[in-house]
Amino acid sequence: LVQVFAFEEALARTGDLAKQTHPELVALAKTWAATFVESTTAERDRWQATAAERLREAEAHVAAWDYHTAIHAIESIPEPLRSVKATALLDECVARKNESESLVATIAERIREKDLEGLLPIVERAVMLRGDRQDLVTLLNQLVERRDRLARERAARDEIGRAHV
């Protein structure tokens, strides 16, 4: 049970063994049970501390938009020891990584085709997911400037049109 990280079940079964009343087993069972409980508890505590540390590492990687490394950190926690929080963060990281990769591919294709109409919200979302990518931040600024310039030009044309009426 310890090998599959079922620490609590192993400890519970050890308690049952320690309760043996057969005269030839009493001393052996109690001594073995005490040693087993001590070593299993220590191992469980080590694994829990390791899992908590890996979760903290993953959270730091997420804060740096490094989803791949965050996923790796969480996946290094044995599944039976993953907390609900770790599992939720893993799911979130996988989703963010996949979405950001898809957005970056879409952006590259749209730029290659010079299809800039409606690209701004896609780039905004990509920057939210991958703020570490300076190329995306630069593109976002360029698209905002373009949008604002086009709005000013449209307003100027409308003003000229109203003046001629």
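Our subject is the structure that appears above.
To keep things clear, this report deals only with the structure shown in the data block. Just so it is clear, the model here is predicted, and its values are computed rather than measured.

Turning next to the environment of valine 144. With respect to the secondary-structure elements, valine 144 resides in helix H6 (residues 134-163). Sequence separation between valine 144 and glutamate 124 is 20 residues; the distance between their C-alpha atoms is 9.9 Å.

Of note, tryptophan 65 is a non-glycine position whose phi angle comes to about 60°, a positive value. Its place among the elements puts tryptophan 65 in the loop between helix H2 (23-63) and helix H3 (67-75). Positive phi outside glycine occurs at lysine 114, with the angle close to 55°. In this fold, lysine 114 is placed in the loop between helix H4 (84-112) and helix H5 (119-129).

Attention now moves to the packing of H5 against H6. For the pair H5 and H6, interaxial distance at closest approach is 9 Å and the crossing angle is 150°. Considered as vectors, H5 and H6 are oriented roughly antiparallel to each other. As for the relative orientation of H5 and H6, their crossing is left-handed in sense. Listed contacts from H6 to Leu119, Leu120, Val123, Glu124, Ala126 and Val127 of H5 are Leu136, Val137, Leu139, Leu140, Leu143, Val144 and Arg147. Residues of the contact of H5 with H6, tallied by class, amount to eleven nonpolar, no polar and two charged.

Before going further, it helps to examine H5. Along H5, the positions that sit buried rather than exposed are Leu119, Leu120, Ile122, Val123, Ala126, Val127 and Leu129. As for H5, its buried residues are in contact with H3, H4 and H6.

Given 3.6 residues per turn, any residue in an α-helix points the same way as the ones three and four places further on. When the terminal C-alpha atoms of H6 are compared, their 43 Å separation across 30 residues agrees well with the 44 Å that a helix rising 1.5 Å per residue should span. What H6 keeps buried is the set Leu136, Leu139, Leu140 and Leu143. Lining the buried residues of H6 we find H4 and H5.

Attention shifts here to the pattern of salt bridges. Counted by the stated rule, this structure contains 13 salt bridges. Here aspartate 115 makes a salt bridge to arginine 110, at a shortest N to O gap of 3.0 Å. Residue aspartate 115 is classed as partly exposed on the basis of its relative accessible area, which comes to 31%. On the basis of relative accessible area, arginine 110 is assigned to the buried category, the value being 15%. Note that glutamate 153 and arginine 149 form a salt bridge whose closest N and O atoms lie 3.5 Å from each other. Residue glutamate 153 and its partner arginine 149 are both found in helix H6; the two are separated by four residues, about one turn of the helix. Exposure remark for arginine 149: the relative accessible area of 37% places this residue in the partly exposed category. Each of the salt bridges in this network shares a partner with another, and the network as a whole consists of Glu8, Arg44 and Asp45.

What follows is about the packing of H4 against H5. Interhelical geometry of H4 versus H5 gives an angle of 140° and a closest axis separation of 9 Å. As H4 runs across H5, the sense of the crossing is left-handed. In this structure, H4 contributes Arg96, Glu99, Ser100, Leu103, Thr106, Ile107, Arg110 and Ile111 to the contact, and H5 contributes Leu119, Ile122, Val123, Arg125, Ala126 and Leu129. Looking at the contact of H4 with H5, its residues break down into eight nonpolar, two polar and four charged.

What counts as what
Residues numbered from 1 in each chain as written. Predicted model: local features only at pLDDT ≥ 70, side-chain atom pairs only at ≥ 80, totals over all residues. Heavy atoms only, no water. Helix = DSSP H or I, 4+ residues; strand = E, 2+ residues; numbered from the N terminus. Axes fitted to C-alpha atoms, helices over the stretch in contact; angles between N-to-C directions. Parallel < 35°, antiparallel > 145°, perpendicular 65-115°, else oblique. Left-handed = near helix turned anticlockwise from the far one by under 90°. Contact = heavy atoms within 4.5 Å. Nonpolar A, V, L, I, M, F, W, Y, C, P; charged D, E, K, R; others polar. Buried < 20%, exposed > 50% of the residue type's maximum accessible area, 1.4 Å probe, protein only. Expected span 1.5 Å × (residues − 1). Salt bridge = Lys/Arg side-chain N within 4 Å of Asp/Glu carboxyl O.

Geometric descriptors of this kind do not, in isolation, establish any biological role.
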